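Chain by chain, the residues:
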Amino acid sequence: MLLTLLIAYSAYIAFKNMSREIVFDIETYGDFKDQANMKVTLVSIYEYEHDRYRSFEEHELAQLWPIFEKAERIIGYNSEHFDVPHLNKYYTGDLARIPHLDILKVIKEVSGNRYKLNDIAKATLQMEKSADGLATQRWYEEGKIDEIKKYCEQDVRVTKELYDYGRKNKMIYYTKLTGELTPIAVNFDPPI
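None of these values were measured; they are calculated from a predicted model.

Reading the values: the criteria
Residues numbered from 1 in each chain as written. Predicted model: local features only at pLDDT ≥ 70, side-chain atom pairs only at ≥ 80, totals over all residues. Heavy atoms only, no water. Phe/Tyr/Trp six-rings, centres within 6.5 Å; stacked < 30°, edge-to-face > 60°. Helix = DSSP H or I, 4+ residues; strand = E, 2+ residues; numbered from the N terminus. Buried < 20%, exposed > 50% of the residue type's maximum accessible area, 1.4 Å probe, protein only. Lys NZ or Arg CZ within 6 Å of the ring centre and 35° of its normal. pLDDT = per-residue confidence, 0-100. Contact = heavy atoms within 4.5 Å. Arc of directions from axis to C-beta. Salt bridge = Lys/Arg side-chain N within 4 Å of Asp/Glu carboxyl O.

Student: Break down the packing of aromatic side chains for me, citing the residues and quoting the values.
Tutor: Applying the stated rule across the entire model yields 10 aromatic pairs. Between Y29 and Y140, the ring centres sit 4.9 Å apart and the planes meet at 40 degrees, which makes this aromatic pair tilted. One end of the pair, Y29, is in strand β1 (residues 21-29); the other, Y140, is in helix α6 (residues 133-141), with 111 residues separating them in the sequence. Judged by centre distance (4.3 Å) and plane angle (25 degrees), the ring pair of Y115 and Y174 falls under stacked. Pair noted here: Y115 is in the loop between α4 (103-111) and α5 (117-125) and Y174 is in strand β6 (residues 171-175), with a separation of 59 residues, a long-range link. Note on accessibility: Y115 and Y174 belong to one class, buried. One aromatic cluster is present, built from ring pairs that chain together Y46, Y48, Y53, Y163 and F188. Across from the ring centre of Y53, 4.4 Å away, lies the NZ or CZ of R157, which sits over that ring. A cation over an aromatic ring shows up here: K160 above the ring of Y46, its NZ or CZ 5.0 Å from the ring centre.

Encoded structure:
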């Protein structure tokens, strides 16, 4: 039994260190009621292959596309519904053609509910986001791009840790209104 666990853990570590998966999140500016006219102000990513976080402002997005195009898979939270459609306004191709894992989509398919990233991260990892999207709108107006980068990279860190936990344990959690911790069985493995 111990040998099996060691082999599984070694395979997991090797995957983390050799993967070309990218965890990402975007920040936008504009009226949420007018999604068509919202602009992407920043994209932050985590590259497993290089074990690093990076951020790209709107004028730097051309540098991001080759990274996405070489990725084995892009991973986000509510990314299929929100992030990818907004990024597609800037991309000459179709980002939906890149293999993609939307963690929230998996959660909804399994549980029937949509949960905020912060709620799932608090219950699963005892980790939280550092602010909210409204703060980034204010920071953008104030020209505080470094604050937006810190916030977005923290969101990516939370998403990455949630992905790693779910991938390894096949389970994540949310807290009911009663305070009860409730498991959600997940499979974040790439399709074969």
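Alright, that's what it looks like, and here's the rest.
Student: Give a detailed account of the confidence of the model for the protein, specifying residues and quantitative values.
Tutor: Close inspection of predicted coordinates is inappropriate for parts of the model with low pLDDT. Mean pLDDT for the protein: 89, with 89% of residues reaching 70 or above. Summarising per-element confidence for the protein, the mean pLDDT is lowest in helix α1 (residues 2-18) (49) and highest in strand β4 (residues 73-76) (98). Here residues 10-17 scores under 50 on pLDDT; set against residues more than four positions off or in separate chains, the count is 11 contacts.

Student: For helix α3 (residues 79-88), give the residues involved together with the corresponding values.
Tutor: Residues of α3 that are buried: S79, F82, D83, V84, H86 and L87. Buried residues of α3, seen end-on, are gathered within an arc of 160 degrees and therefore sit on one face of the element. Those residues of α3 that are buried are in contact with β1, β2 (39-47), α2 (61-70), β4 and β5 (100-102).

Student: Give a detailed account of the pattern of salt bridges, specifying residues and quantitative values.
Tutor: Any two side chains of opposite charge can pair, on the condition that their charged atoms come close. Under the criterion given, the structure shown has 14 salt bridges. R73 is paired through a salt bridge with E21; the nearest N and O atoms lie 2.8 Å apart. Of this pair, R73 sits in strand β4 while E21 is found in strand β1, placing the two residues 52 residues apart along the sequence. Take R73 and E21: they sit in the same class, and that class is buried. In this structure, the salt-bridge partner of R167 is D189, at a minimum N-O distance of 2.6 Å. Here R167, found in helix α7 (residues 145-169), pairs with D189, found in the segment after β7 (181-185); they are 22 residues apart in sequence, far enough to count as distant. A network of salt bridges, in which partner residues are shared, links E21, R73, R167, K170 and D189.

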